[in-house]
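Each chain, written out:
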2 protein chains.
Amino acid sequence: MRLTQHTDYGLRLLMYVALKNGQRCTIREAAESFAISRNHLMKIANLLQHHGVLNATRGKGGGLQLAKPANTLRLGDLVQTLEPDMALAECLGENNQCVVTSQCLLIGVLSDALHEFLRTLNQYTLEDICVPKQSELRSLLQIELVTAE
Amino acid sequence: MRLTQHTDYGLRLLMYVALKNGQRCTIREAAESFAISRNHLMKIANLLQHHGVLNATRGKGGGLQLAKPANTLRLGDLVQTLEPDMALAECLGENNQCVVTSQCLLIGVLSDALHEFLRTLNQYTLEDICVPKQSELRSLLQIELVTAE
DNA sequence: AAATAAGATGCATATAATATACATCTTATT
DNA sequence: AATAAGATGTATATTATATGCATCTTATTT
C-alpha cells in the first residue's frame, strides 16, 4: 500500500511553495531543491492549479503561489486530490468482478479504514507541517526569502 | 492508494477457508469459485502458511484449513502480512532520498494515518466478515458443507 | 510399487501503472 | 524580438505486479 510518487512529490511541492511565504517560486527551482524530475513536477503543479490549490502564472517573473492560506489546506483533501485512485481493492473500484460483492462485509470494513485514514490526515494542514520547522526546512531546501527593503 | 491484488485475493481465500467451517478446501476449488488465477492463489496460500495463518497439507485429501480460530485473525494484521510494502511514501521506506527527511513533519503525520488505518481494520476479525452472512456467502461461492451422518 | 492428488518452488513472461523525457505551444515580461 | 515561465500531448522507460509454466515434494489410495 503506497501513495504514488506523484502524490509524494505534490506534497513536497506544496511544502516548498508554502515555505516561500507568498513569494513566487518556479517549478524548476522546486525540482532542483528536491532533486526530482522537473517534467514530472510540472504536471503535478498543473493538476494542483486546476484544482484551485495553486496559482500559476506564466512568463517572465511568473511561477507558483498557494491559491489559499496554508492553514486551510488539509492533508487528507490534498492526498485525495493528488492520488489518482483511492479504491483500496477491486471491490471499491470500477470494474469489480468479485462474485461475493453483493453480500460482502469486507467492503464496509475497508471503507471504514480508508475513512479513518483520511480523517486522520485531515487533522493536519499544510501549515502544520511547514511552520513549526520553517527555518530548518528552508535551510535544507536552500530557500532564501527576499526581505523587503 | 491501493492494496495489491495479492492482498485482496489473500483475504478472499481466507474468507473461503473460513466459510468451509473447518473442512479442508483445495486451492483449486477456491480459485474456481472466485474465478481467479490458481497459480497466484497458490503463492498466497503458501505465504499464509509460512506466517502461521493457514495449515496446508499436501497429497490426496489434502488442502487448506485455518491455523487459528477465525475470531483471532484480525484484519489489520492479515493486511500487514499479505501486503508486500506498507511504506506509504518514500520517506517511510528504504532508500529514502528526500532532502528534508531530517526535519520533515509529514513523516509523522503519514505514520499516524497509517496507524489509524490498521487500528480500524484490527477492530474486525475474519469471523466478523464471514459469520453474519455465512449462508449467503456460501451460496455465492457454491460452498456445500458435508454434513456428518 | 504405481498412480493420483494435493501443495511448493523457481523461473519466465505478460501486463499495467507509473514515472520520465521530449517536443512544441502559449503566455507574459522586458 | 528575446527570454522566461508554465501547458500540453506524445512517446518511452521503468517498475511492480500478476500470471503462467515446469518441475519437485508429499501424502494417500489401490
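Fair warning: this is a prediction, and the values are worked out from it, not measured in the lab.

Colleague: In this structure, what is going on with the relation of the copies chain A and chain B? I would like to understand it.
Modeller: A rotation about an axis combined with a shift along that same axis relates the two copies of the chain. Least-squares fitting of chain A to chain B yields an RMSD of 0.0 Å, with the transformation described by 0.0 Å of translation along the axis and a rotation of 180°. The transformation just described matches what one would write down for a two-fold rotation axis. Residues of chain A ranked by C-alpha distance from the rotation axis are headed by Phe117 of chain A, positioned 2.5 Å from it. A share of 100% of interface residues in chain A that are also interface residues in chain B marks the association as one of identical surfaces.

Colleague: Can you help me understand the pattern of salt bridges in this one?
Modeller: Two side chains that carry opposite charge are able to pair once their charged atoms sit near each other. Under the counting rule described, the total for this entry stands at 14 salt bridges over all chains. Among the salt bridges present, the one from Asp77 of chain A reaches Arg74 of chain A, with a minimum N-O distance of 2.9 Å. When its relative accessible area of 30% is taken as the criterion, Asp77 of chain A is described as partly exposed. Across the pair Arg119 of chain A and Glu116 of chain B runs a salt bridge whose closest N-O atoms are separated by 4.0 Å.

Colleague: Teacher, can you tell me more about helix α2 (residues 27–34) of chain A here?
Modeller: The α-helix winds at 3.6 residues per turn, so residues separated by three or four positions along the chain end up facing the same way. Residues and elements named next belong to chain A. All buried positions along α2 are accounted for by Ile27, Ala30, Ala31, Ser33 and Phe34. Summarising the axial view, the buried residues of α2 lie within an arc of 165°, below the 170-degree limit, and thus occupy one face. Ala35 lies just past α2 and shows a positive phi near 55°.

Colleague: Whenever I open this one, the protein's contact with DNA strand C confuses me. Can you help?
Modeller: As a matter of local geometry, DNA strand C sits amid 24 residues, with Gln5 and Lys43 of chain A together with Ile27, Asn46 and Arg58 of chain B nearest to it. Each atom of DNA strand C within 4 Å of the protein belongs either to a base or to sugar and phosphate, the latter forming 71%. At 2.8 Å from a phosphate oxygen of DNA strand C is found a side-chain nitrogen or oxygen belonging to Asn46 of chain B. His50 of chain B is positioned such that a nitrogen or oxygen atom in its side chain is 3.2 Å from a phosphate oxygen of DNA strand C. At the level of secondary structure, the elements contributing two or more residues to the surface near DNA strand C comprise α1 (5–19) and α3 (38–50) of chain A together with α3 (38–50) and β1 (54–57) of chain B. Looking at the surface near DNA strand C element by element, the count peaks at four residues for α3 of chain B. Of the residues assigned to the surface near DNA strand C, the class counts are four nonpolar, 14 polar and six charged.

Calculation criteria
- Residue positions are counted from 1 within each chain, in the order its sequence is given.
- Starting at A for chains and at 1 for ligands, labels are handed out in the order in which the entities are written.
- Restriction of local features to residues with pLDDT of at least 70 applies here, the model being predicted, together with a cutoff of 80 or more for giving and counting side-chain atom pairs; totals for whole chains, interfaces and linings are based on all residues.
- Water and hydrogen atoms were dropped before computing side-chain values, which therefore reflect all heavy atoms in the structure.
- C-alpha atoms of residues with pLDDT of at least 70 in both copies form the basis for the least-squares superposition of the copies.
- What makes two residues a contact is simply this: any of their non-hydrogen atoms within 4.5 Å.
- Should a side-chain nitrogen of Lys or Arg be within 4 Å of a carboxyl oxygen of Asp or Glu, the pair is scored as a salt bridge.
- Only protein chains enter the accessibility calculation, which uses a 1.4 Å probe. A residue is then buried if its area is under 20% of the maximum for its type, exposed if over 50%, and partly exposed in between.
- Under the scheme used here, helices are H or I runs from DSSP no shorter than 4 residues and strands are E runs no shorter than 2 residues, and both carry numbers assigned from the N terminus.
- Within this analysis, the arc is defined by the directions that extend from the helix axis to the C-beta atoms.
- We call a residue near a molecule or strand whenever a single non-hydrogen atom of that residue lies within 4 Å of it.
- Polar contacts, as used here, are pairs of N or O atoms within 3.5 Å; protein pairs need one atom able to donate a hydrogen and one able to accept it. Residues neighboring in sequence count only if both atoms are side-chain atoms.
- In this count, Pro and Cys sit with the nonpolar residues alongside Ala, Val, Leu, Ile, Met, Phe, Trp and Tyr, while Asp, Glu, Lys and Arg are called charged and the others, Gly among them, polar.

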